[in-house]
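Below, each chain spelled out in residue letters.
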Amino acid sequence: MAEQRRIAIVDDDPFIRAALGRLIRSSGYEVLLFESAEALLAYGDRQSLFCVLADIQMPDMGGIELIRMVSASSPALPIVAMTAYPGDAIRERALEAGAADYLTKPFDASALERCLARLG
Amino acid sequence: MGGSIWTLIGAAAMASAVLAVMSLLRRSQELRRGRQQVRAIFERAGISMWREDWTAAGKAVMALRKAGVTDLESHYANRPEDLRALKARVIVRDVNDFTVEETGAPGKEAYLGPLDRLLPETDQTFVQWLVAFGRGDRFFRSEAHVKTADGIEIDTLFTAMLPSDLDGFSDIVVTSVDITGYKRAQARLSAAETDAAKSSRITTANALSASIAHEVNSPLAAILANGQAAQRLIRRGTPDIEEVSAALDDVVSQASRARDVVARITSCFSNAPGAFAAVDLVTVARSANLIVEAELRGLGAVVHLAAPDDLPSAWADVVQVQQVFVNLLLNAAQAMAQGSDRRDITVSMRAEQSWLVVVVSDSGPGVRLDKRGQIFAPFHSNRPGGMGMGLAICRNCIDAHGGDIWVDDATEGGAAFHFTLPRPNG
């Protein structure tokens, strides 16, 4: 059996972390949950990740800063930005910072799967 | 000797007669000079001066006073045609040279004749002259919007000494100052303030709606992801019941979270304390009219206010009630914008037991019976680009007072919006 692709979810909302974890696992991925940007940056095995799903609005270090740091240190690791805020401004900031894609909450399983498929 | 006495007496009489005639001539010349001076002052004064015959208006006011009519404004608000007819019977008899020079009219004749030619349909000051007559005022000052001889509308400040008897109404001297430039500057300042306030409101509204969206979207995201995960887990050959159960628990908890967010938002807005006090609705209606004066004039609408002198106060929040009047006046004017020349809005008020009843009626197309239940709902608009919040806000404000708001047909066609407000201790 082929090794499962590993996806990291970074979100300060424990219910969203848990829900996305369940959904992504049900699509056949392995899931790692992080409650903050700092926790992901402290994770030493980032090269093993297929991608990161990161919330934009988080206390302390926000998602935009996380995207910039990961893009700089691990340019091959795609980050998908997520936010529950409406509007294009945040999406543009995330893409400018280096996000590979963008999802507006709430998003359904098919939107998530299309996004992951685009990442390869 | 006797002959010479008579000759002397005759000569003295002659001399006296000559002196009397000379004195008369002198007085006549002085009078003529005086008239010429007055005429010269009238013609050359650096201010526009008009001589107007208001006899018909004076007679009409006196007849109404005699018939026991005390509230002339309400009387004419209910009889706009009578008011228009009266306006046509006020005659401009003369204007000074300065008026002709200032406005570039071809001659005085351009202004002479019935006053109604010079007052636009939207004029609201004529009735105030009648009210001043009725009160016995000796001085009148009013800003009015008038049409010059070449059809350009200008703002003017009229001032007049009013007569104490009917004879004096045949020749009232009115001075007029063109304040168009001042009014335009005032309007630009007001528009800039309105734009700044609107921009601030939009920024606040955007920030607020984004914040609400975030608070609601977050639990929805968890609900959607848990729900779809549970669907997948339960459809597997060997369902992971424990994980499905955990997902459904989270669905329930996140649905409750969303419900609480909505309840918090609702409570945040509905708990704003209203400043309730005894309020004179006529004053509030007038101030609302002033706020939207320019918009109403732009839409060609005329507001007539009818309320009895002894109208009791309402127990109300001034700001909210003013907003209701503003919305209903604009709504009425916009409803008539495509209609006929006559764009009358009548605001009438009356007391009924422990309530005050206000009716804002227009002469527009009215509201179809099947639409009357919907128009007070949020985001319902028949106007292109309209937000559809005006009447919804009215309903919220009136609900906050425990009153009622509804629409039916105006007596002479058009729509009539009714709302009720409680009286103090009502």
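Residues numbered from 1 in each chain as written. Chains lettered and ligands numbered in written order. Predicted model: local features only at pLDDT ≥ 70, side-chain atom pairs only at ≥ 80, totals over all residues. Heavy atoms only, no water.

### Some words on the nonpolar core
For soluble globular proteins, the rule of thumb is that nonpolar side chains tend to be buried together.
All names here are of chain B.
Then, in step 1: Judged by nonpolar contacts, the single largest core of 44 residues is most densely connected at Leu281, Phe325, Ile345, Val347, Met349, Phe417 and Phe419.
Then, in step 2: Examining the composition of this core, we find that ten residues originate from one element, helix 11 (residues 318–336), more than from any other.
Then, in step 3: With sequence-adjacent residues up to four places away left out, Phe325 is seen in contact with Leu281, Val284, Ala285, Ala288, Val347, Met349, Val358 and Phe419. (Core = buried A, V, L, I, M, F, W, Y, C linked by side-chain atoms within 4.5 Å. Buried < 20%, exposed > 50% of the residue type's maximum accessible area, 1.4 Å probe, protein only. Helix = DSSP H or I, 4+ residues; strand = E, 2+ residues; numbered from the N terminus. Contact = heavy atoms within 4.5 Å.)

### Some remarks on the interface of chain B and chain A
Then, in step 1: Contacts between chain B and chain A engage 23 residues on the former and 20 residues on the latter.
Then, in step 2: The salt bridge involving Arg22 of chain A is made with Glu243 of chain B; its shortest N-O contact spans 2.9 Å.
Then, in step 3: If you look at where chain B meets chain A, you find nine residue pairs in polar contact (both at pLDDT 80 or more).
Then, in step 4: Those elements giving two or more residues to the side of chain B that touches chain A turn out to be helix 7 (180–235) and helix 8 (241–270) of chain B.
Then, in step 5: The leading source of residues in the side of chain B that touches chain A is helix 7 of chain B, at 15 residues.
Then, in step 6: Tallied by class, residues from the side of chain B that touches chain A come to ten nonpolar, eight polar and five charged. (Salt bridge = Lys/Arg side-chain N within 4 Å of Asp/Glu carboxyl O. Polar contact = N/O pair within 3.5 Å; in protein donor to acceptor, adjacent residues only side chain to side chain. Nonpolar A, V, L, I, M, F, W, Y, C, P; charged D, E, K, R; others polar.)

### Considerations on unusual backbone geometry
Then, in step 1: A cis geometry characterises the amide bond from Lys105 of chain A onward to Pro106 of chain A, with omega recorded as 0 degrees.
Then, in step 2: Mapped onto the fold, Pro106 of chain A is located in the loop between strand 5 (101–104) and helix 5 (109–118).

### A short note on the UniProt feature "modified residue: 4-aspartylphosphate" (unreviewed entry) in chain A
Residue and element names in this part refer to chain A.
Then, in step 1: UniProt tags Asp55 as "modified residue: 4-aspartylphosphate" (unreviewed entry).
Then, in step 2: Inspection of the secondary structure puts Asp55 in strand 3 (residues 51–55).
Then, in step 3: The residues touching Asp55, leaving out its near neighbours within four places in the chain, are Val10, Asp11, Asp12, Gly63, Met82, Thr83 and Lys105. (UniProt positions renumbered as here; feature names shortened; annotations may be inferred.)

### Focus: the packing of aromatic side chains
Then, in step 1: Taken as a whole, this structure holds twelve aromatic pairs over all chains when the rule is applied.
Then, in step 2: Both rings, one in Tyr29 of chain A and one in Phe50 of chain A, keep their centres 6.1 Å apart while their planes meet at 20 degrees; by these two values the pair is stacked. Placement of the pair is Tyr29 of chain A in the loop between helix 1 (14–26) and strand 2 (30–34) and Phe50 of chain A in the loop between helix 2 (37–42) and strand 3, with a sequence separation of 21 residues.
Then, in step 3: According to the relative accessible area criterion, Tyr29 of chain A is buried, its value standing at 15%.
Then, in step 4: Judged by relative accessible area, Phe50 of chain A falls into the buried class, the value being 14%.
Then, in step 5: Both rings, one in Trp129 of chain B and one in Phe140 of chain B, keep their centres 4.4 Å apart while their planes meet at 40 degrees; by these two values the pair is tilted. Of this pair, Trp129 of chain B sits in helix 6 (residues 126–135) while Phe140 of chain B sits in strand 4 (residues 139–147), and the two are eleven residues apart along the sequence. Side by side, Trp129 of chain B and Phe140 of chain B carry an identical accessibility label, which is buried. (Phe/Tyr/Trp six-rings, centres within 6.5 Å; stacked < 30°, edge-to-face > 60°.)

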